[in-house]
Amino acid sequence: QTMCEEVKLQFYMPTSMIMTTINTLEIPEEIIEEILLNLPVKTLLKFKCVSKRWRSLISGNYFAKRHFKKSSSTTDKDLTDSTYQNRLTFFKRYQTNFFTVRSYSLRGEPVIDLSTGLDNLYPVRSSAEWGCVVGHFNGVVLITVSVRDVLLSWNPSTRRIKKIPLPSFSWGLLRDFSFGFGYHESTDEYTVVCVDISAYPEPCPAHVYSSKTNSWKKIRDFELGCPGRFSAKFVNGRFHWLLPLKVNGRGYDIVSLDSFEEKYEVVARPRCLDIGRIIVGGILDRYDHRLKLEELGGYLSLVVINVDSLWEVNIWAMMEYGAGESWTKVWTLSDFFDVGRRLICVMPLCLKNNGDIAVAVDSNVVVVCNGKNELCRSRINIVDQVKPVFYDESLVSPFGSDER
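Computed from a predicted model, the values in this text were never measured in an experiment. (Residues numbered from 1 in each chain as written. Predicted model: local features only at pLDDT ≥ 70, side-chain atom pairs only at ≥ 80, totals over all residues. Heavy atoms only, no water.)

Novice: Quick question: what am I supposed to make of the packing of aromatic side chains here?
Specialist: Geometrically, a pair of aromatic rings is defined through the distance of the ring centres and the angle of the planes. Under the defined criterion, the tally for this structure stands at 14 aromatic pairs. Here the aromatic rings of Phe137 and Phe234 are separated by 5.7 Å at their centres, their planes lie at 90°, and the arrangement is edge-to-face. You can see Phe137 sitting in strand E8 (residues 131-137) and its partner Phe234 sitting in strand E16 (residues 233-235), a full 97 residues away along the chain. Here Phe234 falls in the buried class, since its relative accessible area comes to 8%. Each residue in the set Phe137, Phe181, Tyr183, Tyr190, Tyr209, Trp216, Phe234, Phe239 and Phe399 is aromatic and connected to the rest through ring pairs, giving one cluster. (Phe/Tyr/Trp six-rings, centres within 6.5 Å; stacked < 30°, edge-to-face > 60°. Helix = DSSP H or I, 4+ residues; strand = E, 2+ residues; numbered from the N terminus. Buried < 20%, exposed > 50% of the residue type's maximum accessible area, 1.4 Å probe, protein only.)

Novice: What is the right way to read the sheet that holds strand E18 (residues 252-258) from this model?
Specialist: Strands pair in a sheet through their backbones, by hydrogen bonds, and they do so in one of two ways: parallel or antiparallel. Ordered in space as E16-E17-E18-E19, the four strands form an open sheet in which the pairing is antiparallel. The sheet terminates laterally at E16 and strand E19 (263-267), the two strands that pair on one side only. Along the sheet, successive strands turn relative to each other by an average axial angle of 35°, direction set aside. By the bridge criterion, five bridges tie E18 to E19 in an arrangement that is antiparallel. By the bridge assignment for E19, Ser256 is matched with Glu265. (Pairing = 2+ DSSP bridges. Axes fitted to C-alpha atoms, helices over the stretch in contact; angles between N-to-C directions.)

Novice: Explain helix H4 (residues 61-72) to me, please; I cannot follow it from the model alone.
Specialist: At 3.6 residues per turn, the α-helix brings residues three or four places apart onto the same side. The terminal C-alpha atoms of H4 lie 16 Å apart, and with twelve residues this matches the ideal 16 Å at 1.5 Å per residue to within 8%. Looking only at H4, the buried set comprises Phe63, Ala64, His67, Phe68 and Ser71. Seen from one end, H4 has its buried residues packed into an arc of 130°, which puts them on one side. Exposed residues pointing more than 90 degrees away from the buried face of H4 are listed as Tyr62 and Lys69. (Expected span 1.5 Å × (residues − 1). Arc of directions from axis to C-beta.)

Novice: Any chance you could explain the packing of helix H1 (residues 29-37) against H4 here in plain terms?
Specialist: Helix-helix packing is characterised by the crossing angle of the two axes and by the distance between the axes. At a minimum axis distance of 9 Å, the contact between H1 and H4 shows a crossing angle of 50°. Between H1 and H4, the crossing angle belongs to the class labelled oblique. Across from Glu33, Glu34, Leu36 and Leu37 in H1, the residues of H4 making contact are Tyr62, Phe63, Arg66, His67 and Lys70. Of the residues in the contact of H1 with H4, the class split is four nonpolar, one polar and four charged. (Parallel < 35°, antiparallel > 145°, perpendicular 65-115°, else oblique. Contact = heavy atoms within 4.5 Å. Nonpolar A, V, L, I, M, F, W, Y, C, P; charged D, E, K, R; others polar.)

Novice: For this particular structure, what's the right way to read unusual backbone geometry?
Specialist: What you tend to see is this: most non-glycine residues have negative phi, and most peptide bonds are trans. For the bond running from Tyr200 to Pro201, omega is 20°, close enough to zero to count as cis. With respect to the helices, strands and loops of the structure, Pro201 is situated in the loop between strand E13 (189-196) and strand E14 (204-210). One non-glycine residue with positive phi stands out, namely Asn138, at about 55°. Note on placement: Asn138 falls in the loop between E8 and strand E9 (140-145).

These figures come from the coordinates and say nothing about function on their own.
In C-alpha cells, the structure reads:
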C-alpha cells in the first residue's frame, strides 16, 4: 500500500542555504518514512501539520526511537560536523522565572528560547526556589525543583513535560537529597535514584524510580559516607558519586551503585591524584585540589582544579570503565587560556571517541578541541551562573505521569 499525498518538502542545504521545493510526490509509504527518519527534529515537528497520517507517524514512539537511534549514531563524526544534531542548552536562574533557558548549536544556528513552557507551568513563588538539572538521556532532561520537591521529565525539543511521583519517605525544607538519572538501553527503562543525605552520619535511605512501573522502590541504604547534593553520574549502567575520605581530608573514593543488584562498589580512581588535600566541591581555602565528578559522552570523568599550579584545571576521563590505569588527561585549561590571575569556571560538555571535546569556560565561551588543537571557539553571551546540558535533539516522549 502506498500513501499518495500532495506535500511540500523543504530541504535546507547547510552550505548554500538553497531551498528546493518538490510538489505532488507519489512515493511508497515505507520510502517516505525512510526520508523522514533522516530529517532533523525541528523539520519533523513542522511536518506533523502535513496530514493526519504524518502526524500519527511522527508522534509515534516507534518512529521516535528509530529516529533517535539513527540521528545519534554519530560516533565517527566530529563535534563540528554540520550534520551533528546536538544542542547546548544553558539553564539560568532568575528571581522572576523558574528557569531562563537558552539553546545554542555548535553549528552557529540561531539561539532558541525554551523558557516559556517551564515558566508557565512552574512560576517561581519565592526567592528560596531554585532548579537543578540532574541529567539527560535520549533528548530527555530530568530537573528537580527545591522547596516543592518536584521532579520534571522534559524534552526541550518537543517542549513536552511530565511530573515524576516522589519517593514515599518524608520531604520537607530541612531535608536534602542527592539524585541521579540513568537509562538502561537493554530494557528501555529510565531510572532515578534518590538518596536522603539528611540522615548522615547515619546510613542514608535510598530509593530508585523505574519508568516501567512509574513508581519508587526502597533499596539498600547508602552507608559509605555522604554523597552531598551533587547529582550522581550514570555511566556503564551504574550511578556514581565522589566521596571525600574522612582522614584529614586527604584522598577520595568514587562509589558506584548498581540499582538492579542494589550493590555499592568503589571504582578505581587515577592514582596520580592520590596526593594533597582534596575537597569535593565547596570552597578551595586550605586545600590543594578541588574535584568534581562528571559524565562526559559516556565516560566517567573528573574536573581537577590545582591550587598549587596557579588555578590550573585538568579534565581526566576513564577511557576503559573499571580500569584504573585507563584514566587519561584529555584537556588542560592552560593549553587554550591564560591561568594564574583568577579561578576560571570550567564545565566539560562532551567527549567523542575520536578525541573531540567540548568545554564551557567562564559561562560565556565554548571551545571544541582535539588534543592541543582548538577546532572552534564560540561566544555564547551568558553572564550569569548557568548549568550547561549538551543533549541530542529527539522526538522521544518524557516519562512519568500527569502530563501538563
